[in-house]
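# Reading the structure
These are the residues of each chain, in order.
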Amino acid sequence: MKKTMGRKIVINLVLVFASLAGLAVLLEIGLHFLPVNEGLATLPVNRAFPVGRFEPNRTSVWSKFADFSMVNKVRTNNYGFVNDQDYDPRDRRPLVAVLGDSYVEAAMIPYPETGHGLLAEALGDKARVYSFGRSGLALGDYLVYADYARQTFRPRKMIVVVVGNDFDESLCQYKKEATFWCWSKSPAGEYKMILNEWSPGPMVKMVRSSRLARYLLNNCQLYGVYQNLKGKIGGEKFVGNVSVEAGPTRLADSKAAVEMFLKLLPSASGLTSADILLAVDGVRPALYSDKEWQAAQGSYFVLMREYFIERALAHGHRVLDMQPVFVADYNQNGRRFEFDKDGHWNRIGHRLFFKAVLASGLVEELK
């Protein structure tokens, strides 16, 4: 009797696993007909190749959400950056380098509609505009990318897009992702820049080879769902796409990162402060109503924005504050600057950024 029961249990388990395997095969086949996010194929990042880039000369599908409500086709150029144009270090036309995280990577929007794409079109043959963007970068990474741009392409002007999570995520204790640079703080209070090296392991290679795995991780964002659920359970609130918590330790660490970044940026880029434009994102979505704006006062991003802008000006940098730009346009047209389900700049946000860069006078000085 016991042997019979055990045999039935084993048979049932085999049937369950066989059914799940069959379902997985069917889903894998079916997803070949849908715009599953193919990923940007990050290359290894280490001391020999310290700048995070993607597999070059590749066109891929970028999409987001389980229902594919955001879909875009992305080209990675000859240097491994998301940009429709190839980069040429021998080109002697003056160069404007645009640095940033996912706002400059801008995989969710066609390249011609990005701020740097519009700027490249506007400048035409007068100058080059190369973007150096990668999701997850922060202030420490921007120094490394600025140094890379200086050594490889010799920019005449530089624009750095600064957003809400650029401050604390410049420090290792607040940064969880690999393949990024961050400052590590010693017990004595000294800071040292370190690199979290990364190379694609077996799990990454498996995900890249399976449309079902990419759909679950990239489109359904399983890890993001877990993080959001954990934040909601903990009552975490956000302003400017970053936690509102503004404790003294987080603020002190973030201010230290700002000071190091502003001090080192001219030497890293090879440019004077006057040749660098620091574009700071507005406090979205709080800027859309007076009530939300008042509620946002004292939040982390509001405080760090104010500090960053004040210190950047003191260091002699040009600052492009997108807050009044966004507020003025919203009051006139009532249009939001991010996607319905995604906090990155949409086409309107990118176009306003482009117009504000032109109005800043930075590129008028190019000869």
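Preceding block: the structure.
Residues numbered from 1 in each chain as written. Predicted model: local features only at pLDDT ≥ 70, side-chain atom pairs only at ≥ 80, totals over all residues. Heavy atoms only, no water.

### Some words on the overall build of the chain
When helices and strands are counted, the chain shows twelve helices and eleven strands. A fraction of 70% describes how many contacts in the chain between residues 6 or more apart in sequence connect residues 24 or more apart. Carbon and sulfur atoms provide 58% of the accessible area of the chain, an area that totals close to 17900 Å². (Helix = DSSP H or I, 4+ residues; strand = E, 2+ residues; numbered from the N terminus. Contact = heavy atoms within 4.5 Å. Areas by Shrake-Rupley, 256 points an atom, 1.4 Å probe, with all protein chains shown as cover.)

### Remarks on the packing of aromatic side chains
Counted according to the given criterion, the structure contains 23 aromatic pairs. Here Tyr148 and Phe153 contribute two aromatic rings whose centre-to-centre distance is 6.1 Å and whose plane-to-plane angle is 80°, an arrangement assigned as edge-to-face. In this structure, Tyr148 and Phe153 share a single accessibility class: buried. Among the aromatic residues, ring-to-ring pairing joins Tyr79, Phe81, Tyr87, Tyr130, Phe132, Tyr145, Tyr148 and Phe153 into one connected group. The ring of Phe180 has Lys175 sitting right over it, with the charged end atom 4.7 Å from the ring centre. (Phe/Tyr/Trp six-rings, centres within 6.5 Å; stacked < 30°, edge-to-face > 60°. Buried < 20%, exposed > 50% of the residue type's maximum accessible area, 1.4 Å probe, protein only. Lys NZ or Arg CZ within 6 Å of the ring centre and 35° of its normal.)

### Some thoughts on the nonpolar core
Counting 53 residues, the largest nonpolar core has Phe132, Met158, Val160, Phe167, Phe261, Leu278 and Phe308 as its most contacted members. Once you skip the residues sitting within four places of it in the chain, Leu278 turns out to touch Val160, Phe261, Leu262, Leu265, Phe308, Ala312, His317, Arg318, Val319 and Leu320. (Core = buried A, V, L, I, M, F, W, Y, C linked by side-chain atoms within 4.5 Å.)

### What to know about helix α11 (residues 322-333)
For α11, built from twelve residues, the straight-helix expectation of 16 Å at 1.5 Å per residue is met to within 8% by its first-to-last C-alpha distance of 16 Å. Turning to α11, its buried residues are Met322, Gln323, Phe326 and Asp329. For α11, the arc enclosing every buried residue in end-on projection is 145°, short of the 170-degree limit, so these residues lie on one face. Across α11 from its buried face, at more than 90 degrees, point the exposed residues Asn331 and Gln332. Elements that come into contact with the buried residues of α11 comprise β10 (276-280), α9 (290-296), α10 (300-314), β11 (318-321) and α12 (347-360). With a side-chain oxygen positioned 3.0 Å from the backbone nitrogen of Gln323, the residue opening α11 is Asp321. In the segment just after α11, Gly334 is the residue with positive phi, at about 65°. (Expected span 1.5 Å × (residues − 1). Arc of directions from axis to C-beta. Polar contact = N/O pair within 3.5 Å; in protein donor to acceptor, adjacent residues only side chain to side chain.)

### Quick look at the state of the cysteines
Within the structure shown, the criterion is met by one disulfide. Shown here is the disulfide that connects Cys172 with Cys182, its sulfur atoms set 2.2 Å apart. Between Cys172 and Cys182 the sulfur-sulfur dihedral comes to about 95°; the bridge is accordingly right-handed. With a gap of ten residues between them, Cys172 in the loop between β5 (157-162) and β6 (181-185) and Cys182 in strand β6 connect regions that are remote in the sequence. (Disulfide = S-S within 2.5 Å.)

### A word on the sheet that holds strand β3 (residues 95-100)
Reading across from one edge, β4-β3-β5-β10-β11 is the order of the five strands in this open sheet, with parallel pairing throughout. With partners counted over all chains shown, the strands left at the sheet margins are β4 (128-133) and β11, one partner each. Ignoring which end each strand starts from, the neighbouring axes of this sheet average 20° apart. When β3 meets β4, the two strands line up parallel, connected through six bridges. From the neighbouring strand, Val96 faces β4, where its bridge partner is Val129. Contacts from helix α8 (residues 248-269) reach β5 and β10, with the element oriented near 135° to β10. (Pairing = 2+ DSSP bridges. Axes fitted to C-alpha atoms, helices over the stretch in contact; angles between N-to-C directions.)

### Description of the layout of surface pockets
Quantified by volume, the second largest pocket comes out at close to 160 Å³. If you go around the second largest pocket, the residues you meet are Arg47, Phe49, Pro50, Val51, Arg53, Val144, Asp147, Tyr148, Gln151, Thr152 and Trp181. Among the elements that line the lining of the second largest pocket, the one with the most residues is helix α4 (residues 139-153), at five residues. Here the residues of the lining of the second largest pocket sort into six nonpolar, two polar and three charged. (1 Å grid on protein atoms, 1.4 Å probe; cavity = no way out; pocket = protein on both sides within 12 Å on 5 of 7 lines; lining within 4 Å. Points joined across faces, edges and corners; volume = space filled by probe spheres on them. Nonpolar A, V, L, I, M, F, W, Y, C, P; charged D, E, K, R; others polar.)

### Describing the environment of Arg305
With respect to the helices and strands, the residue Arg305 is situated in helix α10. Other than its neighbours up to four places away in sequence, Arg305 contacts Val280, Asp281, Gly282, Val283, Asp321 and Gln323. At a separation of 3.0 Å, a polar atom in the side chain of Arg305 contacts the side chain of Asp321.

### A closer look at the pairing of strand β2 (residues 70-76)
Burial along β2 is one-sided: the face carrying Met70, Asn72, Val74 and Thr76 is buried and the face carrying Val71, Lys73 and Arg75 is not. As paired strands, strand β1 (residues 58-64) and β2 are joined by seven bridges and run antiparallel to one another. What sits directly across from Arg58, in β2, is Thr76. As consecutive antiparallel partners, β1 and β2 are separated by five residues, and within that stretch Phe65 has a phi angle of approximately 80°, a positive value.

### Some details on the pairing of β5
The side chains of a regular strand alternate between the sheet's two faces. With six of six residues buried, β5 lies mostly within the body of the structure. Along β5, one buried face is formed by Lys157, Ile159 and Val161 and the opposite face, lined by Met158, Val160 and Val162, is buried too. In the sheet, β3 pairs with β5 via four bridges, with the strands oriented parallel. Note on β5: the bridge partner recorded for Leu99 is Val160.

### Observations concerning unusual backbone geometry
Geometrically, the link from Arg284 to Pro285 is a cis peptide bond, its omega value of 5° lying close to zero. Tracing the backbone through its elements, the reader meets Pro285 in the loop between β10 and α9. Positive phi outside glycine occurs at Asn57, with the angle close to 50°. Within the chain, Asn241 stands out as a residue other than glycine whose phi angle is a positive 60°.

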